[in-house]
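# Analysis of the macromolecular model
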Amino acid sequence: MSVLSGKKILLGISGGIAAYKTAHLVRLFIKAGAHVRVVMTPASKDFITPLTLSTLSKNPVYSSFYNEDEQTVDNAMWNNHVELGLWADLMLIAPATANTLSKMANGNCDNFLIACYLSAKCPVYFAPAMDLDMYKHPSTLASFHSLQQFGNIIIPAESGELASGLSGEGRMAEPENILAFIEQDLSSRLPLKGKKILVTAGPTFEAIDPVRFIGNHSSGKMGFDIAICAADLGAQVVLVSGPTQFETNHAHIQLIKVISAQEMYQACHEFYSSVDVAICAAAVADYRPKTIARQKIKKNASEFHIELEKTPDILASLGKIKQHQFLIGFALETENEIENAQLKIQKKNLDLIVLNSLRDPGSGFGVATNQVTFIDKQNNIEPKPLQSKELVALDIINKIIAHYHA
Ligand code: CTP
């Protein structure tokens, strides 16, 4: 999945021949899962029509401070550049002509695109496009310098044949290269970039015979939401999951499917030494049959007993050998919740525990929401409101980010 998926992109098009390539650029953004809105300078409309861009972006295109379709100025609707600027997660000016770059650098707000640019608080990228001598002119270089001083990011022009017939540096980067540049740049800024995280999810099934098992009602949703959230924020995730209905093909998640507690234990220990964080969200069976019948057990006896033995406590075993890892466990309690969770922090050598009480309506197995309380090893207690498991996952990941960026 692209890092641009779900991102709101404001594309500003200025008046250069490369504007015709923005149709393809919009298509690439949409294909990557982004939402695109387009603003154009009046001059750019000579190179590509607003209709093409509104069709591809599935949004109205803006090029004026008021809606030009209105018959009289009295009826004209104001186009809100501030709203557009604030809407965007990122703004891209492509092609960025020498004229538009100079206006951006100097705050010369004589068109709607520049007003949006000046209103945008998001990261701004610009892809220059001009003839080779213009590209090297001190005035253009001064614009590049000022814009980079503002924190704007240049997507360098490429070399090749130019509209003038000359050949050299100044062609706008190809749409595929612009997309790749932005994806790469955004990825490098993600807060969990370079971090490796182990997550356990789902139930475990402990075999009784070839057809029966002891299991529990865990859906695995909490663990999958944590894994996806961490991966979206730049982490490389190893997700060790018991049997669930969930799948993921996220490029940054390595999904390892296991059945039993013993298999989950082995998979976790295989990766633990190489990870920075481990989050044990699985509802691991605490007991398993001492022996597994080779054949299906027949219902001959009127009573039937299964002898159980403890499964390995995966979380505790990770706590025991913990070195640099930030270790997070869950606790599901029905009484004396805080005290029991605090005991688990000590017993399992955790950095943070996510407590959920079955007494809270909306928490626990098989529901889309969860109400949790964070308790850390310094005994800070932070109760959270009832919220979706996706938002609980984000809260957990934010704890990790705060740990590394404190
Ligand atoms: N856990 C684990 N391996 C087990 C049992 C539990 O890794 N065999 C982990 C869970 O993933 C969870 C935490 O331990 O993060 C807490 O599990 P929980 O069942 O609430 O507590 P227990 O430590 O098993 O204690 P008890 O059941 O007595 O409350």
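Scroll up to find the structure this text is about.
All values derive from a computational prediction rather than experimental measurement.

What counts, and where the lines are drawn
Residues numbered from 1 in each chain as written. Predicted model: local features only at pLDDT ≥ 70, side-chain atom pairs only at ≥ 80, totals over all residues. Heavy atoms only, no water. 1 Å grid on protein atoms, 1.4 Å probe; cavity = no way out; pocket = protein on both sides within 12 Å on 5 of 7 lines; lining within 4 Å. Points joined across faces, edges and corners; volume = space filled by probe spheres on them. Helix = DSSP H or I, 4+ residues; strand = E, 2+ residues; numbered from the N terminus. Nonpolar A, V, L, I, M, F, W, Y, C, P; charged D, E, K, R; others polar. Near = heavy atom within 4 Å. Polar contact = N/O pair within 3.5 Å; in protein donor to acceptor, adjacent residues only side chain to side chain. Areas by Shrake-Rupley, 256 points an atom, 1.4 Å probe, with all protein chains shown as cover. Expected span 1.5 Å × (residues − 1). Buried < 20%, exposed > 50% of the residue type's maximum accessible area, 1.4 Å probe, protein only. Contact = heavy atoms within 4.5 Å.

With that settled, consider the layout of surface pockets. Size it by volume and the largest pocket reaches roughly 920 Å³. At the level of elements, α9 (221–232), α11 (314–320), β17 (326–333) and α12 (337–347) are the ones that each hand at least two residues to the lining of the largest pocket. Here the residues of the lining of the largest pocket are counted per class, giving 16 nonpolar, twelve polar and eight charged.

Lining the immediate environment of the ligand, one finds 15 residues, of which Cys-280, Ala-282, Leu-315, Phe-330 and Lys-348 sit closest. Residue Pro-312 places a main-chain N or O atom 3.0 Å away from a nitrogen atom belonging to the ligand. Contacts to the ligand include Lys-344, whose side-chain N or O atom sits 2.9 Å from an oxygen atom. Out of a free accessible area of 570 Å², the ligand has 77% covered by protein chains.

Moving on to helix α8 (residues 175–189). Its 15 residues give α8 an end-to-end C-alpha distance of 21 Å, which sits within 8% of 21 Å, the value for a rise of 1.5 Å per residue. Buried residues of α8: Pro-175, Ile-178, Leu-179, Ile-182, Asp-185, Leu-186 and Ser-187, and no others. Its buried side turned inward, α8 meets α1 (22–31), β4 (90–96), β5 (124–128) and β6 (153–154).

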